[in-house]
Amino acid sequence: MTVPVAARVDILRAMLPRQRIGSVFFVSAISQLLVAALLSGCDTGKGNTQPLSPAKNVPHGTIDLASNTATITPRARAVGALKTNAEAAGHRFHLLEANGKPLAAVVEVDLHKYEPILLTETDGIRPGLVMAETQTTVVVGSGFVSLVRDMEPIGLLQHHNELLSGIEQHGYTRILGITKNPTNSAEQTAPLSRFEVVHRSEWLPGLFNSALQAGPGIVEQGKLDISERDLQRPKYFRSFVAECGDRALTGISLVPTHLYTLGTSLVELFSRENLPCREVVNLAGDREAVLLTSYDSKAAYLGDPQPRKVALIAFRQRAKPTTPN
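Quantities reported herein were computed from a predicted structural model and do not represent experimental measurements. Per-chain numbering applies: the sequence of each chain, read as written, is numbered from 1 onward. Note on the predicted model: pLDDT of at least 70 is required for a residue's local features to be given, and 80 or more for side-chain atom pairs to be given and counted; whole-chain, interface and lining totals, by contrast, use all residues. Only hydrogens and water are removed before side-chain values are computed, so all heavy atoms of the structure are retained for them.

Enquirer: What exactly am I supposed to notice about the pattern of salt bridges here?
Expert: When their charged atoms lie close together, side chains carrying opposite charge are able to pair. Each reported salt bridge corresponds to a side-chain nitrogen of Lys or Arg within 4 Å of a carboxyl oxygen of Asp or Glu. Within the structure shown, the criterion is met by 13 salt bridges. Residues Glu273 and Arg92 are paired through a salt bridge, measuring 2.8 Å at the closest nitrogen-oxygen approach. With a gap of 181 residues between them, Glu273 in helix 5 (residues 259–273) and Arg92 in strand 4 (residues 92–98) connect regions that are remote in the sequence. Here the term buried applies to any residue with accessible area under 20% of the maximum for its type, exposed to any over 50%, and partly exposed to those in between, with areas from a 1.4 Å probe on protein chains only. The partly exposed category is assigned to Arg92, whose relative accessible area is 36%. Through salt bridges that share partners, Arg92, Glu108, Asp110, Arg247 and Glu273 make up one connected network. Helix numbering and strand numbering both begin at the N terminus, where a helix is a DSSP run of H or I of at least 4 residues and a strand a DSSP run of E of at least 2.

As structure tokens, then:
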């Protein structure tokens, strides 16, 4: 089934506000046909802030950016399209497995060629529309938001040195920051934008150009930072970002999973591929988790690309690639 992206956007502009993180949004009859087969449960009570059960499925498919049409596909085909787009754009793609089954899609980004950008708008920003911007090849999200107001960020949100939301002293322990580091190479013409992760107690105003509070930390100082007690908790879809020096990893689980399982597989990946990834931060998950890759006029998505998100992380091609030291 193929549905015009523009038509879905018009529907979503007129929808009633979502009432909690990850609730299934109000849509017209056309969109309901698409979503009903993909998402479990429906939150239709205005003002209802009761948690839904963890999602068992999320939307996945492809978008033709030239014709503004979105197609729902089987998960394996969507993952294949994520991989194809990522590799065509010059990124490495990794497919994590656990117990012999696909666990997560991971995109490895060279920060000398692509710069990380924190995206946020007062009324929210739609992942699917971000992919229509030229030079954007990867988008992941999202930031955490209030159960009552879906565009009210929880914790620190800083955009281009403007503080939009103050730090939260409880719960989310990591600050994911984007900063421009000075270069030591005469061949580089611009500072290298890169990630840095600090504990919330280490954050100071002016430390980063842009920053997002998230958590928990899945990996800290290169080691798994999640207790086995996590295996007793519910499984969720997970989106995440890893700080790896001049590279960044970002990804999403293909199935609901525990952070312990995801972190174990990521640490194994770092060792196997000799990746210097020191920190991995969990972004908002469940129905809020989303990952998109694009190349030319084709995009692929895992997680719903249409509902507004309070914050997203995008990777855009640099005007002129920098030279590694």
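Enquirer: Whenever I open this one, the state of the cysteines confuses me. Can you help?
Expert: Any pair of cysteine sulfurs within 2.5 Å is marked as a disulfide. For the structure on display, the rule yields 1 disulfide. Across the disulfide from Cys244 sits Cys277; the S-S distance is 2.0 Å. Around the S-S axis, the bridge from Cys244 to Cys277 shows a dihedral of about 100 degrees and counts as right-handed. Remark: Cys277 occurs in the loop between helix 5 and strand 17 (279–282) and Cys244 occurs in strand 15 (residues 239–244); sequence separation between them is 33 residues. Of the two residues examined, Cys244 and Cys277, each falls in the buried class.

Enquirer: Which parts of the structure should I look at to understand helix 3 (residues 75–88)?
Expert: Think of an α-helix as turning once every 3.6 residues; residues three or four places apart then point the same way. For helix 3, built from 14 residues, the straight-helix expectation of 20 Å at 1.5 Å per residue is met to within 8% by its first-to-last C-alpha distance of 20 Å. Gly90 sits one or two residues past helix 3 and shows a positive phi near 95 degrees. How far a helix is expected to stretch is found by multiplying one less than its residue total by 1.5 Å.

Enquirer: Hey, could you run me through the sheet that holds strand 15 in this one?
Expert: Paired through backbone hydrogen bonds, the strands of a sheet run either parallel or antiparallel to each other. Pairing is antiparallel in the open sheet, where 7 strands are placed in the order 4-5-16-15-17-13-14. The open sheet is flanked by strand 4 and strand 14 (223–224), the only strands paired with a single partner. The pairing of strand 13 (residues 217–220) with strand 17 spans 2 bridges and is classified as antiparallel. Paired with Gly217 across the bridge in strand 17 is Val281. Docked against the sheet, helix 3 engages strand 4 and strand 5 (101–110), running at close to 145 degrees with respect to strand 4. Any two residues having at least one pair of non-hydrogen atoms within 4.5 Å are treated as being in contact. Helix axes are fitted only over the stretch in contact, all axes being lines through C-alpha atoms; the angle between N-to-C directions runs from 0 to 180 degrees. Lying on the sheet, helix 5 is in contact with strand 4, strand 5, strand 13, strand 14, strand 15, strand 16 (247–253) and strand 17; it crosses strand 4 at an angle near 130 degrees. DSSP calls a pair of strands paired once it identifies at least 2 bridges connecting them.

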